[in-house]
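# Coordinate inspection notes
As a plain string of letters, each chain reads:
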Amino acid sequence: MDRYRFLRPRFYIDLLFCVFFFGSRTVLSFQLLLAMKVSGVSDSEKMTGETAIPSDSVNPISQSGVSSGDNGPTKSRCGMADSKGTSKSGPQSGITSGVDKPVKSRGTTAVTQRPIRTHGRTGGSSGPVIGVRGRPSVSAIDKGKSIVSDDVGKVITFKDVKFGPHQDEIRFRLIHFWEAWNVQTKVLIGIEMLLIDEEASVIQGFIPYGRIETYLPHMKAGYTYRLNKFYGSKSKTVYRIADSDVTISFSWNSALTALEDSSICFPEDRIRIHGFREFDGASDLKGDLYDYIGHIKLVNGKVPTDSLLLDEGEIAVSRRVELHVQTHDDPVMKLYLWDKAAFEFIDKFKASRGTARVILVTTLNPKRFGGVLSLSAMASSRVFMDSDIQETLSYLSWLNSNLDVASRVNAEVITKPEPATLGELFAYMNQASSKVAWFECTATIDDVVHGSGWYYIGCGVCHTKATKGPTTLMCKKCGKSEIVGVAQYLTRLSVYDNNDQAVFVVLGDAGEELTGKKASELVEKYYQVNDNIEGDHKVPVPQAMIDTIGQTRKFIVKVSKHNLDAKTQTLTVTKVLPPDAAGHEDNLEGDVDVIGDAEGVGNAAEFGKRGADEIESEGVKRAKCG
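Residues numbered from 1 in each chain as written. Predicted model: local features only at pLDDT ≥ 70, side-chain atom pairs only at ≥ 80, totals over all residues. Heavy atoms only, no water.

Here is the rule we go by: UniProt positions are given in the numbering used here, feature names are shortened, and annotations may be inferred rather than shown by experiment.
The chain is annotated in an unreviewed UniProt entry as Replication factor A C-terminal domain-containing protein of Brassica napus. Taken verbatim from the UniProt record of the chain, the Sequence similarities (unreviewed entry) comment is "Belongs to the replication factor A protein 1 family."

### Details of the nonpolar core
Quick reminder of the rule: Nine residue types can take part in a nonpolar core, namely buried Ala, Val, Leu, Ile, Met, Phe, Trp, Tyr and Cys, and a core is a set of them joined through side-chain atoms within 4.5 Å. Exposure categories follow from relative accessible area, calculated using a 1.4 Å probe and restricted to protein chains: below 20% of the type maximum is buried, above 50% is exposed, and the middle band is partly exposed. The numbering of helices and of strands both runs from the N terminus, where a helix is a DSSP run of H or I of at least 4 residues and a strand a run of E of at least 2. Two residues qualify as a contact provided that any one of their heavy atoms is within 4.5 Å of a heavy atom in the partner residue.
Core analysis: the largest hydrophobic core is formed by 45 residues, its most contacted members being Leu-425 and Phe-504. Sort the elements by how many residues they give to this core and strand 15 (residues 437-448) lands first, with 6 residues. Apart from the residues within four sequence positions on either side, Phe-504 is in contact with Leu-422, Cys-441, Ala-443, Thr-491, Arg-492, Leu-493, Val-495, Phe-555, Val-557, Leu-571 and Val-573. Membership of the second largest hydrophobic core comes to 27 residues, among which are Ile-296, Leu-337, Ile-346 and Met-385.

### Considerations on the pattern of salt bridges
Just so we agree on the cut-off: Here, a salt bridge means any Lys or Arg side-chain nitrogen found within 4 Å of an Asp or Glu carboxyl oxygen.
For the coordinates displayed, the defined rule picks out 17 salt bridges. Here Glu-192 ties to Lys-236 by a salt bridge, and the two come within 3.3 Å at their closest N and O atoms. Taken together, the positions of Glu-192 in strand 4 (residues 187-196) and Lys-236 in the loop between strand 6 (224-234) and strand 7 (246-249) put the pair 44 residues apart, joining distant regions of the chain. Taking relative accessible area as the criterion, Lys-236 reaches 37% and is therefore assigned partly exposed. Residues Lys-518 and Glu-512 are paired through a salt bridge, measuring 3.4 Å at the closest nitrogen-oxygen approach. Through salt bridges with shared partners, a single ionic network connects Glu-169, Arg-171 and Arg-226.

### Quick notes on the packing of aromatic side chains
Stated formally: When the centres of two rings from Phe, Tyr and Trp lie within 6.5 Å, Trp using its six-membered ring, the rings pair. Their planes under 30 degrees apart give stacked, over 60 give edge-to-face, and anything left gives tilted. Criterion for a charge above a ring: Arg CZ or Lys NZ at most 6 Å from the ring centre, at most 35 degrees from the ring normal.
Tallied over the full model, the rule gives 11 aromatic pairs. A ring pair is formed by Trp-454 and Tyr-455, whose centres lie 4.7 Å apart and whose planes are at 55°; its orientation type is tilted. With a relative accessible area of 0%, Tyr-455 lands in the buried category. Centroid distance Trp-454 to Tyr-489: 5.8 Å. Interplanar angle 55°. Geometry classified as tilted. Taken together, the residues Trp-454 in the loop between strand 15 and strand 16 (455-459) and Tyr-489 in strand 19 (residues 485-496) connect sequence positions 35 residues apart. An aromatic cluster is built from Trp-454, Tyr-455 and Tyr-489, whose rings are joined through pairwise contacts. Of note, Lys-234 hangs over the ring of Phe-163, and the distance from its end group to the ring centre comes to 5.9 Å. Taking NZ or CZ as reference, Arg-272 lies 4.2 Å from the ring centre of Tyr-290, over its face.

### Here's the deal with the environment of Asp-168
Basically, it comes down to this: Identification of polar contacts relies on pairs of N or O atoms within 3.5 Å, with a donor-acceptor requirement for protein atoms, meaning one able to donate a hydrogen and the other able to accept it, and with residues adjacent in sequence counted only if both atoms are side-chain atoms.
Secondary-structure assignment places Asp-168 in strand 3 (residues 164-182). Each C-alpha atom, one on Asp-168 and one on Leu-227, is 8.3 Å from the other, the two residues being 59 residues apart in sequence. Excluding its chain neighbours within four sequence positions, the residues that come into contact with Asp-168 are Gly-153, Lys-154, Ile-156, Leu-227, Asn-228, Lys-229 and Phe-230. In this structure the side chain of Asp-168 is engaged in a polar contact, spanning 3.2 Å, whose partner is the side chain of His-166.

Take a look at the structure:
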């Protein structure tokens, strides 16, 4: 009898009316009518007498990562479906998709408790619909959940997208997507995308932060999708990656579906290559970002060979790779790869066993610093090498036919750091996108900064600042409880150029290059002349250092992390070039990395943090050993 509770009250009223007027003949009619109602047969089927055939149910899909099986998107050329009718499985994560009542467990993907209806349409997709659809408004309890209806707008192309809300449908290939961060607050604001439609029109897409969990797990670069209901927002005016003034933004009622229409042909990618002249004309304008291709001359200052071993530990810390690249006969340009692009290059370069010669990097920002043009990778940048895509394959073929081009420029000539004035160094430090870097700066020494020591006592092996033990000097870096202490330069100089003033900290061997004397020699000579002085006496600034006042020299300076964090504008000098030096191809870092550690002041970062007072109290006393 429980099954009768699902019948509407109107049904019982009609039944009583029939019994009253027609008697027991209605019993058979009642049984037939009851069977139809319970089994869900429609009125039209009752009239025709045809038997109802229930439709197959749709199995639930995993809601984390790109869905797999028959419900997933298909990646193939021109939007063609795979012959097996299946799609590649995307990366799995523990993020829910916003579909009703996902069941989550640690280390597993969320799965819906009810089937997701597919979106049927001739030549369209049979995949699941992700997002909110078919409701004019959504209550708070339904926000971010999957609501499906057959309310579908007309299909338009990117050229028809205007500002404002759209009820239409767009179909596209997802070329690439990346995280968008606020560089000032370090807050993730959303996901940016590069989309291309069947007419080869390219447009930028955006998923706000609050909707990332709903859509991102179902998206994978290279796959095709359809999007119903979205908002056309105004594109940003700086660092654009597409020509369109409109950005497609996912709104509260957007519905994303995997597209499996085999009749639609989508281009695989969009490459916009610029050469030296185009980048030179667009430098420092923060305009549209274009792509660059060429052959590699240097990798972190070294000629690429099959025996080249990159310092992955250093790259992991700096998150940077510096390349020198040349396109055909154009001038050689510096190409800086940051973060994801740097690691992507390392993976590809290692896979080639150091033999990769051609590189193409997308969406580069041209910047002129100290008169030298360089290209800097952005968050949207991708790296292709040798035979990855048709563009790199074609360039590699050209290079193999013109091997003389690769040897026209001496690789050692282009290792010289960019020249920069003091003003340009300060401007670089104030840029949000700046990273640790080395520059050549010409300046005149005005004075040795008084009130601070000019040397420190360091480990004779690693140059780290020594610490005092009960009776001996110790080195924390070497782990030794008794070491030989050696005086090392740590001198503050007041310098100036034509327009600005600054304070340089001269470290280690750079001090010897400036004065022509080792710090240890000057300290020992002082104590030899003044043998009645106690061991903890502070040695005054030597005449050799005072004699440098008034000299105009070329310094290799390092813009360190503490400069970029706006903690100090004091710049670290890692090398001082001879007065007649025409260039520099040596190690730019000098001994900075081996002078100090977290407890010492052997590098400029620690010097800037701890200040001159601590150097006076700890770093300028006479060594008791050696």
